[in-house]
Amino acid sequence: PIQKKGEVSEKLPTIDEAGKVSFGCIAREWRCKFAEDAGKLSLTKAQELFEKYESQIKAVPHVKNVQRIVCGGCLDFKVIISAPAVAFPDWEATKFEPEEAFLKELAEIDGITSIETQTYTLTEM
């Protein structure tokens, strides 16, 4: 059956016991803070690192979307990689390859702080 916008498929996993908060996509976020000094050089270096890994990230099996988010006011640099919920455990089993190498190199950039990761669900409404 074709799912209309706003309809919830019974086959989608849910988070709540009532089964109303469904999702079809899970995302992994890599984030950090960058320094404003030196013309935001740490942001430039983080972007260059992302570009170095971009094709490897996009080659992760079943990747649905790759986003790079920057907030100039909050000094946030984020990479968000999403995949269908059914395929996400396979990527998780690889420790989110190439996460470890990317974050290690990110930590070596002067001015980069507060490196964190988070996993969450995504649903288009």
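Residues numbered from 1 in each chain as written. Predicted model: local features only at pLDDT ≥ 70, side-chain atom pairs only at ≥ 80, totals over all residues. Heavy atoms only, no water.

A.B. asks: What is the right way to read the overall build of the protein chain from this model?
C.D. replies: Along its length, the protein chain carries three helices and four strands. Walking the protein chain from its N terminus toward its C terminus, one meets helices and strands in the order β-α-β-β-α-α-β. If one aligns the C-alpha atoms of the protein chain with their principal axes, the spans along those axes are about 55 × 30 × 25 Å. Long-range contacts, defined as pairs at least 24 residues apart, comprise 69% of the intrachain contacts of the protein chain with a sequence gap of at least 6. (Helix = DSSP H or I, 4+ residues; strand = E, 2+ residues; numbered from the N terminus. Contact = heavy atoms within 4.5 Å.)

A.B. asks: Explanation requested: helix α1 (residues 37-58) in the structure shown.
C.D. replies: Along its 22 residues, α1 runs 31 Å from first to last C-alpha, staying within 8% of the 32 Å computed at 1.5 Å per residue. At Lys52, α1 shows its strongest bend, of approximately 40°. The set of residues buried in α1 consists of Ser42, Leu43, Ala46, Leu49, Phe50, Tyr53 and Ile57. Among the structural elements, β1 (25-33), β2 (65-71), β3 (76-84) and α3 (99-107) are those in contact with the buried residues of α1. (Expected span 1.5 Å × (residues − 1). Bend = angle between axes of the 7 residues up to and from the residue. Buried < 20%, exposed > 50% of the residue type's maximum accessible area, 1.4 Å probe, protein only.)

A.B. asks: Hey, could you run me through the sheet that holds strand β4 (residues 113-122) in this one?
C.D. replies: Strand pairing in a sheet relies on backbone hydrogen bonds. The paired strands run either parallel or antiparallel. Strand order in this open sheet of four strands is β2-β3-β1-β4, and the pairing throughout is antiparallel. Among the strands making up the open sheet, the edge pair consists of β2 and β4. Going from strand to strand, the sheet's axes swing by 15° on average, the running direction of each strand aside. Alignment of β2 against β3, held across seven bridges, turns out to be antiparallel. Bridge pairing in β3 places Val70 opposite Phe77. (Pairing = 2+ DSSP bridges. Axes fitted to C-alpha atoms, helices over the stretch in contact; angles between N-to-C directions.)

A.B. asks: What's the story with the packing of aromatic side chains in this structure? I'm lost.
C.D. replies: Here the distance between the centres and the angle between the planes together describe a pair of aromatic rings. Within this structure, the stated rule accounts for five aromatic pairs. On the numbers, 5.8 Å between centres and 90° between planes, the contact of Phe88 with Trp91 is edge-to-face. Here Trp91 and Phe88 lie together in helix α2 (residues 88-92), a separation of three residues that amounts to about one turn. For Trp91, a relative accessible area of 5% puts it in the buried group. A connected cluster of aromatic rings, assembled from ring pairs, spans Trp30, Tyr53 and Phe102. (Phe/Tyr/Trp six-rings, centres within 6.5 Å; stacked < 30°, edge-to-face > 60°.)

A.B. asks: For this particular structure, what's the right way to read the environment of Glu116?
C.D. replies: Along the chain, the position of Glu116 falls in strand β4. Take Glu116: its relative accessible area is 39%, and that puts it in the partly exposed class.

A.B. asks: Would you take a moment to explain the state of the cysteines for this structure?
C.D. replies: In protein structure, a disulfide is the covalent linkage between the sulfur atoms of two cysteines. Across all of its chains, the model carries zero disulfides by this definition. Cys32 carries a free sulfur, and the closest cysteine sulfur to it, the one in Cys71, is 12 Å from it. Its sulfur unpaired, Cys74 is 3.5 Å from the next cysteine sulfur, which belongs to Cys71. For Cys74, a relative accessible area of 43% puts it in the partly exposed group. (Disulfide = S-S within 2.5 Å.)

A.B. asks: Would you explain the pattern of salt bridges in this entry?
C.D. replies: Close approach of charged atoms lets side chains of opposite charge pair. One pass over the full model with this rule turns up seven salt bridges. For the salt bridge of Lys33 with Asp76, the shortest nitrogen-to-oxygen distance reads 2.6 Å. Residue Lys33 is found in strand β1, and its partner Asp76 is found in strand β3; the two are separated by 43 residues along the sequence. Its relative accessible area of 31% is what places Lys33 among the partly exposed residues. On the basis of relative accessible area, Asp76 is assigned to the buried category, the value being 15%. Where Glu105 meets Lys52, a salt bridge forms, and the shortest distance between an N and an O atom there is 2.8 Å. Taken together, the residues span a long stretch of sequence, with Glu105 in helix α3 and Lys52 in helix α1 at a distance of 53 residues. What makes Glu105 partly exposed here is its relative accessible area of 24%. Three or more residues are tied together by salt bridges with common partners; here these are Glu29, Arg31 and Glu116. (Salt bridge = Lys/Arg side-chain N within 4 Å of Asp/Glu carboxyl O.)

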